[in-house]
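Read off the chains here:
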Amino acid sequence: MAEPVKVQLGAVQQTLFIPLAGRARESRRKHPLVRDPKAAQIMAAVDFDAARYSRGWGAGVTVLRTAVFDEFVRGFLADHPEGTVVELGTGLNSRFDRVDNGRTRWIDLDLPDTVELRRRFFEDTDRRRMVAASVLDEDWMAVVAASPGPYLFVAEGVLVYLDEAPTVLTRIAERFPGALLVFDTYTKRMLDQQHRMAAKRNLTALWAWPCDDPHTLEPLGLEVVRASAVTRPPATVRARLPRRYRYALPLLRPVVGDVAAVTLFRAR
Ligand SMILES: C[S@@+](CC[C@H](N)C(=O)[O-])C[C@H]1O[C@@H](n2cnc3c(N)ncnc32)[C@H](O)[C@@H]1O
């Protein structure tokens, strides 16, 4: 049997196990909303107590969030089959495998320790490459600019950890006018809830960037193209929701509200 893969990641980087564990668990179901067999393989291969990241209703919500993101990315690729998708804070995400149309270019960017781990499970190809960088730096933008446009920047579960998120968004908007961006935002109420949950579970990665209304980001050089909420997914996702999600959503909404907004923006 292969040696378990050691995981040496900073606290925020370790949060990649939250969506990964959710997708692994979902993929084992008979009717998965998101199919990600690689997530289960990675979970089995790593020497890490990832189970602490997969408890409670949060895992199901994370899978739903991923389904909404996948839908936005498929929409971009339908309009721009040869455009470039830039996955910021990609973690061990395998969205490319779910949405690839055989023509798109793809960049998976994350911090160096995450990319080092990612390279144990993913390889660069002629259309897809990994970039080790902080989204807070600017050098990586030249790598993106060298790939053909139009561009879609995707950041799932990433910007909420960065209080510098508005600076990152402003820089992308200035450097890539006309580009599309899709990311999730969380209200101040959700941030407070995450802080309480993190204290209980002894997790040190705290959400840092509240956003009560994605429209308030428009002065950063962005315009809202399409707004969605994880608990109110687009019709195309709603149409293929497995029964357990269809039953759970109306019960979840009064408790957690819209949890996360997933919004598609265009850089002006
Ligand atoms: C909750 S995980 C989400 C991972 C992935 N987007 C997914 O949905 O599976 C947060 C990710 O953000 C990355 N991250 C945090 N700060 C970052 C930064 N400054 N630059 C690039 N990536 C960052 C972490 O390494 C981690 O992979």
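Scroll up a little and you will see the structure.
Since we're looking at a predicted model, the values are computed, not measured.

Calculation notes
Residues numbered from 1 in each chain as written. Predicted model: local features only at pLDDT ≥ 70, side-chain atom pairs only at ≥ 80, totals over all residues. Heavy atoms only, no water. Core = buried A, V, L, I, M, F, W, Y, C linked by side-chain atoms within 4.5 Å. Buried < 20%, exposed > 50% of the residue type's maximum accessible area, 1.4 Å probe, protein only. Helix = DSSP H or I, 4+ residues; strand = E, 2+ residues; numbered from the N terminus. Contact = heavy atoms within 4.5 Å. Salt bridge = Lys/Arg side-chain N within 4 Å of Asp/Glu carboxyl O. Pairing = 2+ DSSP bridges. Axes fitted to C-alpha atoms, helices over the stretch in contact; angles between N-to-C directions. Near = heavy atom within 4 Å. Polar contact = N/O pair within 3.5 Å; in protein donor to acceptor, adjacent residues only side chain to side chain. Areas by Shrake-Rupley, 256 points an atom, 1.4 Å probe, with all protein chains shown as cover. Nonpolar A, V, L, I, M, F, W, Y, C, P; charged D, E, K, R; others polar. 1 Å grid on protein atoms, 1.4 Å probe; cavity = no way out; pocket = protein on both sides within 12 Å on 5 of 7 lines; lining within 4 Å. Points joined across faces, edges and corners; volume = space filled by probe spheres on them. Phe/Tyr/Trp six-rings, centres within 6.5 Å; stacked < 30°, edge-to-face > 60°. Lys NZ or Arg CZ within 6 Å of the ring centre and 35° of its normal.

## So, the nonpolar core
Counting 37 residues, the largest nonpolar core has Leu33, Val73, Leu152 and Val182 as the members making the most contacts within it. Looking at this core, the elements with two or more residues in it are helix 4 (58–79), helix 5 (95–99), strand 6 (151–155), strand 7 (180–185), helix 9 (188–201), helix 11 (243–256) and strand 9 (261–267). Sort the elements by how many residues they give to this core and helix 4 lands first, with 10 residues. Here Val73 is in contact with Val85, Arg95, Val99, Trp106, Leu152 and Val154, once residues within four sequence places are set aside. Among the nonpolar cores identified, the runner-up in size contains 32 residues, and Val86, Leu159, Leu162 and Ala179 belong to it.

## A few points about the pattern of salt bridges
Taken as a whole, this structure holds 21 salt bridges when the rule is applied. A salt bridge links Asp108 to Arg128, with the shortest nitrogen-to-oxygen separation between them at 3.4 Å. Of this pair, Asp108 sits in strand 4 (residues 105–110) while Arg128 sits in strand 5 (residues 128–132), and the two are 20 residues apart along the sequence. The pair formed by Asp108 and Arg128 is uniform in burial state, with each residue classed as buried. A cluster of three or more residues bridged by salt bridges with shared partners is formed by Arg23, Asp36, Arg65, Asp70, Glu87, Arg95, Arg98, Glu156 and Asp184.

## Focus: the sheet that holds strand 3 (residues 84–88)
Spatially, seven strands are ordered 5-4-3-6-7-9-8 in an open sheet, and the strand pairing comes out mixed. Each end of this open sheet is capped by a strand with a single partner; those strands are strand 5 and strand 8 (222–229). Neighbouring strand axes in the sheet, compared pairwise and without regard to direction, differ in orientation by 20 degrees on average. Pairing analysis gives five bridges linking strand 3 to strand 4, with the strands arranged parallel. Within strand 4, the residue paired with Glu87 across the bridge is Asp108. Across the sheet, helix 4 lies against strand 3, strand 4, strand 6, strand 7, strand 8 and strand 9, angled at about 175 degrees from strand 6, the strand it touches most.

## Notes on the site of the ligand
The immediate surroundings of the ligand are formed by 19 residues, with Gly89, Asp110, Ser134, Val135 and Glu156 found nearest. Between an oxygen atom of the ligand and a side-chain N or O atom of Thr114, the distance comes to 3.1 Å. In this structure, Ser134 approaches the ligand through a side-chain N or O atom, which is 3.1 Å from a nitrogen atom. When isolated, the ligand has an accessible area of 600 Å², and the protein chains bury 98% of it. Of all the secondary structure elements, the ones that give two or more residues to the shell around the ligand are helix 1 (11–14) and helix 2 (17–27). In terms of residue class, the shell around the ligand is made up of seven nonpolar, nine polar and three charged.

## Re empty space enclosed by the protein
Overall, the coordinates contain one cavity of 30 Å³ or more when judged by the stated rule. One number sums up the size of the largest cavity: a volume of about 30 Å³. In terms of lining, the largest cavity is formed by Leu88, Phe153, Ala155, Leu159, Leu169, Ile172, Leu181, Val182 and Phe183. Listing elements by their share of the lining of the largest cavity, those giving two or more residues are strand 6, helix 8 (165–175) and strand 7. Sort the elements by how many residues they give to the lining of the largest cavity and strand 7 lands first, with three residues. The residue makeup of the lining of the largest cavity, split by class, is nine nonpolar, no polar and no charged.

## Some points on the packing of aromatic side chains
A complete count under the given rule lists nine aromatic pairs for this structure. Here the aromatic rings of Phe153 and Phe176 are separated by 5.2 Å at their centres, their planes lie at 50 degrees, and the arrangement is tilted. Of this pair, Phe153 sits in strand 6 while Phe176 sits in the loop between helix 8 and strand 7; the two residues are 23 residues apart in sequence, bridging distant segments of the chain. The two residues Phe153 and Phe176 agree in class, both being buried. Over the ring of Phe122 we find Lys38, and its NZ or CZ is 4.3 Å from the ring centre. Its end group placed over the ring of Phe122, Arg118 keeps NZ or CZ at 3.9 Å from the ring centre.

No statement about biological role is implied by the geometric values presented.
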